[in-house]
Amino acid sequence: MNTLSIIIQDQHFVMHPLKVVYWEEKEALLAADVHLGKVSHFRKAGIAVPIGKMKEDVINLTQLLNEYQPKTVFFLGDLFHSDFNKEASYLEDVIENFSDVRFHLVTGNHDLPDFRAKMEERLQINDRLVLDRFLLSHQPDDSSPDLFQLCGHVHPAVRLKGPSKQHLKLPCFYMTGKRMILPSFGSFTGNRIMKPEKGSRVYVVAGTKVLEV
């Protein structure tokens, strides 16, 4: 896979096509909006979703852990989608298999109290985190303008137009001002089309590549 590296405030970050960021100096993997449990939630409601979708994100997460061997993983909110269900056991298996990795959850609006209570022994849970000159949060937050923010929640994507009026919607890493919004890691989540502002930078996930557009 073709990653793309950038420097933010003298720190080195790698954007991966599996829609995560690796922070080299911290040896940390950052993922936003995993939404584990969404497939089970939909199937319980009678909506036909392929059962294989349940494990796809856990397989990708395991691949990334093996590839980068991080010291820490930060989930930037909405790790889980709804009430605690059997998909949580897949995450528990990952945490057990990578017992030397510290797993943190920066809570999101979908991380319900029931889920938090049952996972607090396996995850370090915070509403927001400040590391050096960086703020880790779930939603875009303007309360700390002196910090560079890494967040999720928005599920950013852009629509690209081809020469023959083709349209292609791709998830993206969206940078504007002192903020990077990560794409949703979950394979069964929607996207919000962004309208890039002047001075913003957009890095799309195009198959096995991350490209600046």
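In the block above lies the structure referred to throughout.
Because the structure is a prediction, the values reported are computed rather than measured.

Definitions and limits used
Residues numbered from 1 in each chain as written. Predicted model: local features only at pLDDT ≥ 70, side-chain atom pairs only at ≥ 80, totals over all residues. Heavy atoms only, no water. Core = buried A, V, L, I, M, F, W, Y, C linked by side-chain atoms within 4.5 Å. Buried < 20%, exposed > 50% of the residue type's maximum accessible area, 1.4 Å probe, protein only. Helix = DSSP H or I, 4+ residues; strand = E, 2+ residues; numbered from the N terminus. 1 Å grid on protein atoms, 1.4 Å probe; cavity = no way out; pocket = protein on both sides within 12 Å on 5 of 7 lines; lining within 4 Å. Points joined across faces, edges and corners; volume = space filled by probe spheres on them. Nonpolar A, V, L, I, M, F, W, Y, C, P; charged D, E, K, R; others polar. Salt bridge = Lys/Arg side-chain N within 4 Å of Asp/Glu carboxyl O. Pairing = 2+ DSSP bridges. Axes fitted to C-alpha atoms, helices over the stretch in contact; angles between N-to-C directions.

Peer 1: Give me the lowdown on the nonpolar core, citing residues and values where you can.
Peer 2: Grouped together as the largest cluster of nonpolar side chains are 29 residues, with contacts concentrated most on Phe75, Leu91, Phe103 and Leu123. The set of elements that each furnish at least two residues to this core consists of strand 3 (20-23), strand 4 (28-31), helix 2 (53-68), strand 5 (72-75), helix 3 (87-97) and strand 6 (102-106). Judged by nonpolar contacts, the second largest core, of 25 residues, contains Ile6, Phe13, Met15 and Leu76.

Peer 1: If you had to explain empty space enclosed by the protein to someone new, which residues and values would you point to?
Peer 2: In the structure shown here, the tally under the stated rule is two cavities of 30 Å³ or more. Its volume calculated, the second largest cavity comes out at about 30 Å³. Taken together, Val34, Leu36, Asp57, Val58, Leu61, Phe75, Leu79 and Leu91 form the lining of the second largest cavity. Ranked by the residues each element gives to the lining of the second largest cavity, the list is headed by helix 2, at three residues.

Peer 1: Please give an account of the layout of surface pockets that cites residues and values.
Peer 2: Quantified by volume, the largest pocket comes out at close to 180 Å³. Along its surface, the largest pocket is lined by Pro140, Val154, Tyr174, Thr176, Arg179, Ile181, Arg192, Ile193, Met194, Lys195 and Glu197. Among the elements of the structure, strand 12 (167-176), strand 13 (179-181) and strand 14 (192-193) are those that each provide at least two residues to the lining of the largest pocket. Its residues placed into classes, the lining of the largest pocket shows six nonpolar, one polar and four charged.

Peer 1: How would you summarise the pattern of salt bridges if you had to cite specific residues and measurements?
Peer 2: Evaluation of the coordinates by the stated rule reveals six salt bridges. Between arginine 128 and aspartate 141 there is a salt bridge whose closest N-O contact spans 3.4 Å. One end of the pair, arginine 128, is in the loop between strand 7 (124-126) and strand 8 (129-131); the other, aspartate 141, is in the loop between strand 9 (134-136) and strand 10 (148-151), with 13 residues separating them in the sequence.

Peer 1: Describe the sheet that holds strand 1 (residues 4-8), and please don't skip the residues or the numbers.
Peer 2: Hydrogen bonding along the main chain pairs the strands of a sheet, whether they run parallel or antiparallel. Spatially, the seven strands line up as an open sheet ordered 1-2-3-4-5-6-7, and their pairing is mixed. Every other strand in the sheet has two partners, leaving strand 1 and strand 7 as the edge strands with one partner each. In this sheet, neighbouring strand axes are inclined to one another by 25° on average, regardless of whether the strands run parallel or antiparallel. As judged from the three bridges shared by strand 3 and strand 4, these two strands associate in the antiparallel manner. For tyrosine 22, the partnering residue across the bridge sits in strand 4 and is leucine 29.

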